[in-house]
Amino acid sequence: MSLRDLSILYLIAGLACAVAVYRAARDRGDARRRAALSAALCVPLWPIWGPVALTAGRGAGGARPDGDAGTAAARVQGALREGVSACAGTSFEALLSREAASRIEAEVARAAARHAELDALLRQDGFDEAAAAARVAEIERGGAGSGRALATAHLHLENIRRLRAMRDRDARALEELADLVQALRTQLVLARFAGSSVEGVGGIVSEVWARVEGLGAAIDAHGGAGSEGPIAT
């Protein structure tokens, strides 16, 4: 097989990969311009860029947490209010007072706000993980003489991945807390009508507070949504 034949086959494979990448990007909800750019990179770089672009946007479980944090925060708020009502005027009232519920809601609101800020940031072109990975692949194909540029591109990609990890971690923490607070609500309702012991409710209340304190500590340690500690540029 001649070099010309190999070149034609390479081009055909690149075009096929470009079509697949474009469709996958549009299915994920990417803008048309971004999807077209990702597809165009596949034509000359399909062996490197194709696998990256086709798996972009998949988290640890294959799903993105976009929008889940707001829903989780609403679940926490609703369950807290029902829990406060369930234990009002009973021996459980000291475990979940209105003041305690307000404190929990405030921390959840902070976490949801940070998640929303990170999510909006990561939707901007300058924080596109797929584009950053493509830049790394492009420089690596350039060969010698690109050490500093490659190090900068790798740093940029790593920073984006750290920000994505923070966003995803916030979403998971809020989802887990929402499940726990809903379980607390049903426990309080059951305790009210079945006469369960205070000790049985106290354990789950302690777990809720531990999760809430964890949320607050994470936000305070990172200083908001901008970075997980100082990120070099």
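Note that residues are indexed from 1 along each chain, following the sequence as it is written. A pLDDT threshold of at least 70 governs which residues receive local features in this predicted model, and a stricter bar of 80 or more applies before side-chain atom pairs are shown or counted, although totals over entire chains, interfaces and linings include all residues. Based on all heavy atoms of the structure, the side-chain values leave hydrogens and waters out of the count.

I'm lost on the overall build of the chain in this one. Help?
Numbered from the N terminus, helices here are DSSP runs of H or I no shorter than four residues, and strands are runs of E no shorter than two. Secondary structure assignment for the chain yields seven helices and zero strands. Secondary structure elements of the chain, listed N to C terminal, follow the sequence α-α-α-α-α-α-α. Partly exposed residues are those whose accessible area sits between 20% and 50% of the maximum for their type, while under 20% is buried and over 50% is exposed, using a 1.4 Å probe and protein chains only. Split into buried and exposed, the 233 residues of the chain put 35% on the buried side. Contacts are residue-level and defined by heavy atoms, with any inter-residue pair within 4.5 Å sufficient. Put simply, of all contacts in the chain between residues at least 6 apart along the chain, 79% involve residues at least 24 apart. Of the roughly 12600 Å² that the chain leaves accessible, carbon and sulfur atoms contribute 57%. The method behind every accessible area is Shrake-Rupley, applied with a 1.4 Å probe, and residues are considered shielded solely by the protein chains displayed.

Would you mind showing me how to read a nonpolar patch on the surface here?
A contiguous nonpolar surface patch, about 490 Å² in accessible area, is contributed by Leu-3, Leu-6, Ile-8, Leu-9 and Ile-12. Its location among the elements puts Leu-3 in helix α1 (residues 3-27). Patches draw on residues past 30% relative accessible area with no salt bridge. Two like charges within 9 Å are joined, as are two nonpolar side chains (Val, Leu, Ile, Met, Phe, Trp, Tyr) within 5 Å. What counts as a salt bridge is simple: a side-chain nitrogen of Lys or Arg found within 4 Å of a carboxyl oxygen of Asp or Glu.

Looking at this structure, how should I read the pattern of salt bridges?
Where charged atoms from two side chains of opposite charge approach closely, those side chains can pair. Across all of its chains, the model carries 14 salt bridges by this definition. Between Glu-138 and Arg-135 there is a salt bridge, with the nearest N and O atoms lying 3.5 Å from each other. Placement of both Glu-138 and Arg-135 in helix α5 (residues 129-142) is noted, with a separation of three residues, approximately one turn of the helix. With relative accessibility at 42%, the residue Glu-138 sits in the partly exposed group. Among the ionic pairs, Arg-211 bridges to Glu-176, the shortest N-O distance being 3.5 Å. On the criterion of sequence distance, the pair formed by Arg-211 in helix α7 (residues 198-222) and Glu-176 in helix α6 (residues 147-194) is long-range, its members being 35 residues apart. Classification of Arg-211 as partly exposed rests on a relative accessible area of 33%.

Is there a simple way to explain the confidence of the model for the chain in this structure?
In regions of low pLDDT, the predicted coordinates are not meant to be interpreted in detail. For every residue, the predictor states its confidence as a pLDDT score lying anywhere from 0 to 100. For the chain, per-residue confidence averages 78 on the pLDDT scale, and residues scoring 70 or more make up 77% of the total. Across residues 58-66, where pLDDT falls below 50, the model places nine contacts with residues more than four positions away in sequence or in other chains. Here residues 224-233 scores under 50 on pLDDT; set against residues more than four positions off or in separate chains, the count is 21 contacts.

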